[in-house]
Amino acid sequence: MQTFESFSKQLDLQTGVLEPVECVIQRRLSDMRNIYIDEEARERIEREEGDRLIYEVFVTKLPEKEGHLSYGTTIIYPGCVGEEFHITKGHFHKLRNRAEVYIGISGEGCLIMQSEDGSFRSLKMKRGTVAYVPPNWAHRTGNIGNEPFSFFAIWPGDAGHDYGAIERSSFAKVLVVRGGQAVLIDNPKYAQDK
Ligand code: PAN
Ligand code: ZN
């Protein structure tokens, strides 16, 4: 039997930075075209302010194979695009029945989930929250506070990421600020049958 070498990394429990840093995926405004409900606001901010950093994912490179686990941390910077909070793109796992665990490290966030039949769930997250994303649910997280929101995630190595289905249909609800509060409203861009 082939063995795989054990290793450890250091997770900064204040910031979510995972060291040594191997690979950081950065998502900026320009990577988020048509992801937020207010595309005009996104374009305006990009034009007037520049290409704002929305979130970063510190990824650990591991074999994308059955039996392994993958892990990494996500840091979402505070802010809004129009009235919508900074949020990740969101995805299904390519192998739909692969679950995931999210552990809140810092800041305040909201995890939203949606199944292929259109059911929707949301869970608030803060430091110490351990949230379970069950098999078959698309997931994304938004920062609903004033500080960076970071969380640690662990998922099966063979899960894979499918962004296409969500890019086509989007999520049924979006996280917006209303009267200083985070609320979920119906997404005008949601198209369940696409
Ligand atoms: C997370 C996400 C991360 C960024 O590690 O990949 O939060 O979100 P997007 O991948 O949707 O841009 C995870 O769910 N991994 O499976
Ligand atoms: Zn995932």
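Cut-off values and rules
Residues numbered from 1 in each chain as written. Chains lettered and ligands numbered in written order. Predicted model: local features only at pLDDT ≥ 70, side-chain atom pairs only at ≥ 80, totals over all residues. Heavy atoms only, no water. Core = buried A, V, L, I, M, F, W, Y, C linked by side-chain atoms within 4.5 Å. Buried < 20%, exposed > 50% of the residue type's maximum accessible area, 1.4 Å probe, protein only. Helix = DSSP H or I, 4+ residues; strand = E, 2+ residues; numbered from the N terminus. Contact = heavy atoms within 4.5 Å. Pairing = 2+ DSSP bridges. Axes fitted to C-alpha atoms, helices over the stretch in contact; angles between N-to-C directions. Salt bridge = Lys/Arg side-chain N within 4 Å of Asp/Glu carboxyl O. Near = heavy atom within 4 Å. Polar contact = N/O pair within 3.5 Å; in protein donor to acceptor, adjacent residues only side chain to side chain. Areas by Shrake-Rupley, 256 points an atom, 1.4 Å probe, with all protein chains shown as cover. Nonpolar A, V, L, I, M, F, W, Y, C, P; charged D, E, K, R; others polar.

(A) Expanded view of the nonpolar core. One finds Y102, L111, M125 and F151 to be the most contacted residues of the largest nonpolar core, which totals 37 residues. Those elements that provide at least two residues to this core are α1 (39–49), β4 (53–59), β10 (109–115), β11 (120–125), β12 (130–133), β13 (137–143), β14 (149–156) and α2 (164–169). If we skip the residues at most four places from it in the chain, Y102 touches L111, M125, T129, V130, A131, H139, T141, F151, F152 and A153. Listed in part, the seven residues of the second largest apolar core include F58, L62, I75 and F152.

(B) Examining the sheet that holds β4 more closely. The strand order β3-β4-β5-β14-β9-β12 describes an open sheet built from six strands, whose pairing is antiparallel. The open sheet is flanked by β3 (23–28) and β12, the only strands paired with a single partner. Strand after strand, the sheet turns through a mean of 20° between neighbouring axes, direction not considered.

(C) Fine view of the pattern of salt bridges. Throughout the structure, instances matching the rule amount to 10 salt bridges. In this structure, K9 engages E22 in a salt bridge whose closest nitrogen and oxygen atoms are separated by 2.6 Å. Taken together, the residues K9 in the segment before β1 (10–11) and E22 in the loop between β2 (18–19) and β3 connect sequence positions 13 residues apart. On the basis of relative accessibility, which here comes to 16%, the residue K9 falls in the buried class. Here E83 and R178 are joined by a salt bridge, their closest N and O atoms 2.7 Å apart. With E83 in the loop between β6 (80–81) and β7 (84–85) and R178 in strand β16 (residues 173–178), this residue pair connects regions lying 95 residues apart in the sequence. One connected set of salt bridges, linked through shared partners, spans R33, E39, R42 and E46.

(D) Inspection of the site of ligand 1 at higher detail. Around ligand 1, 15 residues are found, and the nearest of them are Y55, T74, Y102, H161 and Y163. Here an oxygen atom of ligand 1 sits 3.0 Å away from a polar atom, N or O, in the side chain of H91. Interatomic distance of 2.8 Å between a side-chain N/O atom of E100 and an oxygen atom of ligand 1. Protein burial of ligand 1: of its 400 Å² of free accessible surface, 96% is covered by the chains. Across the shell around ligand 1, the residue classes break down as six nonpolar, seven polar and two charged.

All we've got here are geometric facts, nothing functional implied.
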